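The chain contents come next:
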Amino acid sequence: MKTLISILIISLSMISCNEEKEEIISYNVTVIGKGLDCGETFLIKFNDNIDGLIDNSFDNVFYAINLYDEYKIESLQIKVTFREPLVEELLSCTTFGPAYPQIFIIETQR
């Protein structure tokens with residue numbers, strides 16, 4: 001019985017160690033400025049066309065949820081990693097301006 005348990009533990013350990021880690025890619029963006037209708041949230045524009053971005057008709061401009069204040073500088077060039085926001089992270093925005101899609105910033109670099 002102990003041998004069976006040991007084999008199971010070793011097998012599980014080997015399987016979990018062999019799982020491939022998802023590669024995290026940073027993308028070049030330009031900080032545009034504060035949006036009109038989502039509080040203090042800033043807009044960013046991806047400098048290149050990116051596969052996997054939420055389709056929008058706003059020339060790759062997005063509300064950047066979780067962009068730290070130190071990067072909220074108009075025309076600043078930065079690199080970001082991002083994901084789609086969870087339902088509870090989505091911003092409640094007015095309809096005064098264009099309805100830009102939202103992304104959640106995971107990491108930012110200059």
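Residues numbered from 1 in each chain as written. Predicted model: local features only at pLDDT ≥ 70, side-chain atom pairs only at ≥ 80, totals over all residues. Heavy atoms only, no water.

**Observations regarding the environment of Ile-44**
Moving on, step 1. Mapped onto the fold, Ile-44 is located in strand 2 (residues 42-46).
Moving on, step 2. Using a relative accessible area of 0% as the deciding quantity, one classes Ile-44 as buried.
Moving on, step 3. When the C-alpha positions of Ile-44 and Ile-78 are compared, they lie 9.6 Å apart, and in sequence the two are 34 residues distant.
Moving on, step 4. For Ile-44, the contacting residues outside a window of four places in its chain are Val-29, Thr-30, Val-31, Ile-32, Asn-60, Val-61, Phe-62, Ala-64, Leu-67, Val-80, Ile-103 and Ile-105. (Helix = DSSP H or I, 4+ residues; strand = E, 2+ residues; numbered from the N terminus. Buried < 20%, exposed > 50% of the residue type's maximum accessible area, 1.4 Å probe, protein only. Contact = heavy atoms within 4.5 Å.)

**Digging into the nonpolar core**
Moving on, step 1. The biggest cluster of nonpolar side chains holds 17 residues, and the ones touching the most others in it are Ile-44, Phe-46, Leu-67, Ile-78, Val-80, Ile-103 and Ile-105.
Moving on, step 2. Listing elements by their share of this core, those giving two or more residues are strand 1 (27-34), strand 2, strand 3 (61-65), strand 4 (77-83) and strand 5 (102-109).
Moving on, step 3. In contact with Ile-78, other than residues within four places in its own chain, are Tyr-27, Asn-28, Val-29, Val-31, Leu-67, Tyr-71, Thr-108, Gln-109 and Arg-110. (Core = buried A, V, L, I, M, F, W, Y, C linked by side-chain atoms within 4.5 Å.)

**Thoughts on the packing of aromatic side chains**
Moving on, step 1. Scanning all chains against the criterion turns up 6 aromatic pairs.
Moving on, step 2. Each ring, one from Phe-46 and one from Phe-82, has its centre 5.3 Å from the other, and the planes form 65 degrees; the classification is edge-to-face. Remark: Phe-82 occurs in strand 4 and Phe-46 occurs in strand 2; sequence separation between them is 36 residues. The pair Phe-46 / Phe-82 is uniform in exposure class, with both members buried.
Moving on, step 3. Ring pairing ties together the aromatic residues Tyr-27, Phe-46, Phe-62 and Phe-82, which thus form one cluster. (Phe/Tyr/Trp six-rings, centres within 6.5 Å; stacked < 30°, edge-to-face > 60°.)

Function-wise, these values are silent; they only describe arrangement.
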